[in-house]
Amino acid sequence: MLSVLRVHLPSDIPIVGCELTPYVLLRRPDKTVTTDDVPETAPLDSHFLRYKWYRVQSDKKVAVCSVHPSEQATLQCLGCVKAKIPVAKSYHCTPKCFSDAWQHHRVLHDRAASAVNENGNEEEELFGRFNNSGSGSINTSLSASASSASLTNGSATLYPAAITQRSGGETWFEVGRSKTYTPTADDIGYVLKFECAVVDAETKLTIGHSSTLLTSRVIPAPSPCPRRLINVDGMGHLDADGRTTASGTFTVLSYNILSDAYASNDLYNYCPSWALSWPYRRQNLLREIVGYRADIICLQEVQSDHYEDFFSPELDKHGYYGLYKRKTNEVYNGNISTIDGCATFFRRDRFSHVKKYEVEFNKAAQSLTDAVIPTTQKKTALNRLVKDNVALIVVLEAKVNNQPVDNPGKRQLLCVANTHVNVHQDLKDVKLWQVHTLLKGLEKIAASADIPMLVCGDFNSVPGSAPHALLAMGKVDPSHPDLAVDPLNILRPHSKLVHQLPLVSAYSSFARTVGLGFEQHKRRLDNATNEPLFTNVTRDFIGSLDYIFYTADSLVVESLLELLDEESLRKDTALPSPEWSSDHIALLAEFRCCKNRSRR
């Protein structure tokens, strides 16, 4: 007969909005052991499995700490209550916790006060364009999402909670009837109970004892400090030199989201295991990405199965169309689903897809080796050059009022390159060669059409490195120390390390701003290169690896997503963390098109 041997949860802490799917080990009638489901629609030997979820409520609800969400709160910030800040952000587990978090916490008070003084709209100022309280606290948006989640927790209709037992001040409310349950805002602070029973398909009666488990208390999804768009173009609809611009602006997001295949507990042992789990991170990443409301989204380290099963369908619901280029080899165990790649999404109401180019650096390496490497060195050369990296280049056409432009002479095209140059730091020649290869390909596109260009991605190159110099300056100084590493002579002559695209880093625009209001943003830039001090933060490394470059003869930066500082990340915190679900930081820039000038 069908029997349940064991049930357990892969994550130790349940979080609002993150699916809970217990591991259920079964013994089939033929004595084999399996984890396959046996639903009522497909019984096995006249038996099936029935699942139920309960919320275990006591007479006293438990508040959880906003800084350490796995800890029970013992004090509350009354300033938050008075300022109408979401109540979940006001709780702390100890006085030391509140004291340590004050520099970060006071930002919420300052913004709430500023919002009331300026426009009376607290919520817009508090959460800005990144509208992610994400905490499951008492607010309208989360109440709505809670109702929505209840509809999908194993019931076709929203049924009233059933009281199944009351004992010692405890009440069990039935909240779900499927194997998977997604905790809602109503579950915060409560223990959940999962019940799995073998049921006779004919009598619908339970056979034997039910297998159960209790979770720890449900916690809200921790929310990061909100980031605002900062206007950096004080000239309105004119650029600094008086160029007339076309109507309309658009925003571009670039973000390395940290592939689950790389997010190991060994590598990121400072991040709680529940916050490092993919069910948690994917929901947190989606909230963040959608919250930025970008017109174009360039993501790196997107696993092929996560693109197909999650990001593509979820972003489709928000009006995005996606394109994907997978890397050319498997990660770790040869499982094809763990291959990551680059994904580019765009709003269907703002752009239409014109053309797609795929760059496979492995193919370019093979061509280079065939052309210039002696036969006796070809194997060694390929071992050094083949790194499976790719780039996805997409040509888009802007829409007006959700319609393509009928007049061919007024069509506004845009070329967006998205890449991840994942090369070890010791292989400086390979990294520079890949960036140069990508730029020469973009030059060919530029030669065929007068088209604005964006080059986005994780280049694994710090400001001032040879790849960064090539991107930002159009050339590499022959005396640059990175050029000393070139055992295959693929970078010679150095005079060929040039390109004609007038690329400028979007975030360097902060350095060109004037006024006291921009001083804090300038302090977050590297003085030598005007790039952000960091876009990647781990225990072993902190620095900038990610960039958004644009052709300055055809695009103007209108605004930028503010950079993070150490206070925003909270002291001594590396990434990923419960608040930020990647080890990289998202970059976002708003552009407007302008009349072209001659290329350099």
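Residues numbered from 1 in each chain as written. Predicted model: local features only at pLDDT ≥ 70, side-chain atom pairs only at ≥ 80, totals over all residues. Heavy atoms only, no water.

As recorded in an unreviewed UniProt entry, the chain goes by the name poly(A)-specific ribonuclease, listed as coming from Psophocarpus tetragonolobus. As stated in UniProt under Function (unreviewed entry), the record for the chain gives "Acts as a catalytic component of the CCR4-NOT core complex, which in the nucleus seems to be a general transcription factor, and in the cytoplasm the major mRNA deadenylase involved in mRNA turnover." What UniProt records for the chain under Cofactor (unreviewed entry) is the sentence "Mg(2+)". (UniProt positions renumbered as here; feature names shortened; annotations may be inferred.)

Visitor: Would you mind going over the sheet that holds strand β3 (residues 33-34) in detail, with residue names and values included?
Guide: Taken in spatial order, the three strands line up as β1-β2-β3 in an open sheet, and their pairing is antiparallel. With partners counted over all chains shown, the strands left at the sheet margins are β1 (3-8) and β3, one partner each. Judged from the two bridges that link them, strand β2 (residues 23-27) and β3 form a sheet pairing that is antiparallel. Bridge pairing links R27 to V33 in β3. (Pairing = 2+ DSSP bridges. Helix = DSSP H or I, 4+ residues; strand = E, 2+ residues; numbered from the N terminus.)

Visitor: Please give an account of the layout of surface pockets that cites residues and values.
Guide: For the second largest pocket, the calculated volume is near 800 Å³. Together, 32 residues line the second largest pocket, and L267, Y268, E301, N422 and N460 are the ones closest to its centre. Considered class by class, the residues forming the lining of the second largest pocket number 10 nonpolar, 12 polar and 10 charged. (1 Å grid on protein atoms, 1.4 Å probe; cavity = no way out; pocket = protein on both sides within 12 Å on 5 of 7 lines; lining within 4 Å. Points joined across faces, edges and corners; volume = space filled by probe spheres on them. Nonpolar A, V, L, I, M, F, W, Y, C, P; charged D, E, K, R; others polar.)

Visitor: Requested: an account of the pattern of salt bridges, with residues and values cited.
Guide: Per the stated rule, a full pass over the model turns up 21 salt bridges. The partner of E397 in a salt bridge is R411, with the nearest N and O atoms 2.9 Å apart. Here E397 is found in strand β17 (residues 390-398), whereas its partner R411 is found in the loop between β17 and β18 (413-420), with 14 residues between them in sequence. For E397, a relative accessible area of 8% corresponds to the buried category. Among the residues examined, R411 registers a relative accessible area of 39% and is labelled partly exposed. (Salt bridge = Lys/Arg side-chain N within 4 Å of Asp/Glu carboxyl O. Buried < 20%, exposed > 50% of the residue type's maximum accessible area, 1.4 Å probe, protein only.)

Visitor: Which residues make up helix α9 (residues 361-372), and what are the values?
Guide: Its 12 residues give α9 an end-to-end C-alpha distance of 16 Å, which sits within 8% of 16 Å, the value for a rise of 1.5 Å per residue. Those residues of α9 lying buried are F361, N362, A365, L368 and T369. Along the long axis of α9, the arc covered by the buried residues comes to 120 degrees, so they all point the same way. Among the exposed residues of α9, those pointing more than 90 degrees away from its buried face are K363 and A371. Taken together, the buried residues of α9 touch β16 (351-360), α10 (378-385), β17, β18 and α11 (428-448). (Expected span 1.5 Å × (residues − 1). Arc of directions from axis to C-beta. Contact = heavy atoms within 4.5 Å.)

Visitor: An account of unusual backbone geometry is requested, with residue identities and associated values reported.
Guide: Between R492 and the following residue, P493, the backbone shows a cis peptide bond with an omega angle of -5 degrees. Mapped onto the secondary structure, P493 falls in the loop between α12 (466-473) and β20 (503-505). Cis geometry marks the peptide bond from L575 to P576, where omega comes out at 0 degrees. Note on placement: P576 falls in the loop between α14 (566-569) and β25 (587-594). The residue S46 is not glycine, and still its phi comes out positive at about 65 degrees. Tracing the chain through its elements places S46 in the loop between β3 and β4 (47-58). The phi angle at D388 is positive, at roughly 70 degrees, despite the residue not being glycine.

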